[in-house]
Amino acid sequence: NAEYLEKHPLGRAEWIKLTGIIFNKEKEADSVFSAIVTEYLSTKSLLEHSQEQASVLSGVMYGDSWYLPGGRNYASTLLSDAGYTFFWEQDTSSAFLPISFETVYNSGFNADYWIGVASYRSRTELNAGDSRYASFNAFNNAKVYSYNKLIGEKGGSVFLELRYLRPDLILKDLVKIAHPDILPEHELFFHYKLP
């Protein structure tokens, strides 16, 4: 299964069709995929006339580098489709980029939101991980979000297990965070605001 090589979130979800073929459930798989595509595209279309774009920072430090999605990464596509401006959106890489803290800070210290902070569960824990994080505006304005709202029975991240299959839910979460009036009925599924 090579869904992780797909550059678009819907391309990753489309791999459910392979599962359908393997288990002789092609019609069911096609139906599920069609529903995901419909939800994703209809959510994206809600932003077509919106003039508001929130700036977003993503990722955290691992060792000496801050890893964030390149401009052609599936995560960048989700952020863009959800109406965010992303500081590395002009980058042509589809990988996660190792960037120095100073470079990230210079571009992202004033970001409106910080989404995707690995396994950190609170801003206090995030600050304990690296005290420099507290210098970001999103940190100080309490606009830091994790994708680990749901934890499985054995302690694993439900997001990391389902993210390839449910880009529609990820997109809805991202839209709800920055544009709550656009999806007033949606409750965050994968994401939550760090206390």
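Structure shown above.
Residues numbered from 1 in each chain as written. Predicted model: local features only at pLDDT ≥ 70, side-chain atom pairs only at ≥ 80, totals over all residues. Heavy atoms only, no water.

Caption draft 1: Main features of the overall build of the protein chain. Looking only at helices and strands, the protein chain features nine helices and eight strands. The C-alpha atoms of the protein chain give 17 Å as radius of gyration, which agrees with the globular expectation for 195 residues (16 Å, within 12%). By its C-alpha atoms, the protein chain is 50 × 40 × 35 Å across when sized along the principal axes. Burial status across the protein chain gives 47% buried among its 195 residues. Split by element, the accessible area of the protein chain, about 10300 Å² in all, is 51% carbon and sulfur. (Helix = DSSP H or I, 4+ residues; strand = E, 2+ residues; numbered from the N terminus. Rg over C-alpha atoms; globule rule 2.2 N^0.38 Å. Buried < 20%, exposed > 50% of the residue type's maximum accessible area, 1.4 Å probe, protein only. Areas by Shrake-Rupley, 256 points an atom, 1.4 Å probe, with all protein chains shown as cover.)

Caption draft 2: Seen up close, the pairing of strand 3 (residues 65-69). Taken across its five residues, strand 3 has four buried, putting it largely inside the fold. Two elements, strand 2 (residues 60-62) and strand 3, share three bridges in a ladder whose sense is antiparallel. Each residue of the ladder has a partner; that of Met 61, found in strand 3, is Trp 66. Between strand 2 and strand 3, which pair antiparallel one after the other, the connecting turn spans two residues, and Gly 63 there sits at a positive phi close to 65°. Looking at chain direction, strand 3 and strand 5 (residues 96-99) are connected through four bridges and run antiparallel. The residue of strand 5 that forms the bridge with Trp 66 is Ile 99. (Pairing = 2+ DSSP bridges.)

Caption draft 3: Quick look at the environment of Glu 125. Relative to the helices and strands, Glu 125 resides in helix 6 (residues 123-129). We classify Glu 125 as partly exposed; its relative accessible area is 36%. For the pair Glu 125 and Ser 100, spaced 25 residues apart in sequence, the C-alpha to C-alpha distance is 21 Å.

Caption draft 4: Fine view of the sheet that holds strand 1 (residues 54-58). Spatial ordering of the open sheet is given by 4-1-6-7-8, a layout of five strands whose pairing is mixed. With one partner strand each, in any of the chains shown, strand 4 (84-86) and strand 8 (192-193) form the two edges of the open sheet. Inspection of the sheet shows strand 1 paired to strand 4 by three bridges, in the parallel sense. Along strand 4, the bridge assignment pairs Ala 54 with Tyr 84.

Caption draft 5: Looking closely at the nonpolar core. Ranked by size, the top nonpolar core spans 56 residues in total, and within it Trp 66, Tyr 84, Tyr 113, Trp 114 and Leu 126 carry the most contacts. Sort the elements by how many residues they give to this core and helix 9 (residues 167-178) lands first, with seven residues. Setting aside residues up to four positions removed in sequence, Leu 126 forms contacts with Val 60, Trp 114, Val 117, Tyr 120, Tyr 133, Phe 139 and Val 144. (Core = buried A, V, L, I, M, F, W, Y, C linked by side-chain atoms within 4.5 Å. Contact = heavy atoms within 4.5 Å.)

Caption draft 6: Main features of the pattern of salt bridges. All chains considered together, the criterion is met by five salt bridges. For the salt bridge of Lys 17 with Glu 14, the shortest nitrogen-to-oxygen distance reads 3.6 Å. Among the ionic pairs, Asp 130 bridges to Arg 132, the shortest N-O distance being 2.9 Å. (Salt bridge = Lys/Arg side-chain N within 4 Å of Asp/Glu carboxyl O.)

Caption draft 7: Representation of helix 4 (residues 74-81). Judged by how many residues are buried, helix 4 sits mostly within the fold: seven of eight residues are covered. Taken together, the buried positions of helix 4 are Tyr 74, Ala 75, Ser 76, Thr 77, Leu 78, Leu 79 and Asp 81. One side-chain oxygen at the N-terminal end of helix 4 lies 2.7 Å from the backbone nitrogen of Ala 75; it belongs to Asn 73. Immediately beyond the C-terminal end of helix 4, within one or two residues, lies Gly 83, with a positive phi of roughly 90°. (Polar contact = N/O pair within 3.5 Å; in protein donor to acceptor, adjacent residues only side chain to side chain.)

Caption draft 8: Quick peek at the packing of aromatic side chains. For the structure shown, the criterion picks out 19 aromatic pairs. For the ring pair Trp 114 and Tyr 133, a centre distance of 5.2 Å and an interplane angle of 70° mean the geometry is edge-to-face. Taken together, the residues span a long stretch of sequence, with Trp 114 in strand 6 (residues 113-115) and Tyr 133 in the loop between helix 6 and helix 7 (137-140) at a distance of 19 residues. The same class applies to Trp 114 as to Tyr 133, namely buried. (Phe/Tyr/Trp six-rings, centres within 6.5 Å; stacked < 30°, edge-to-face > 60°.)

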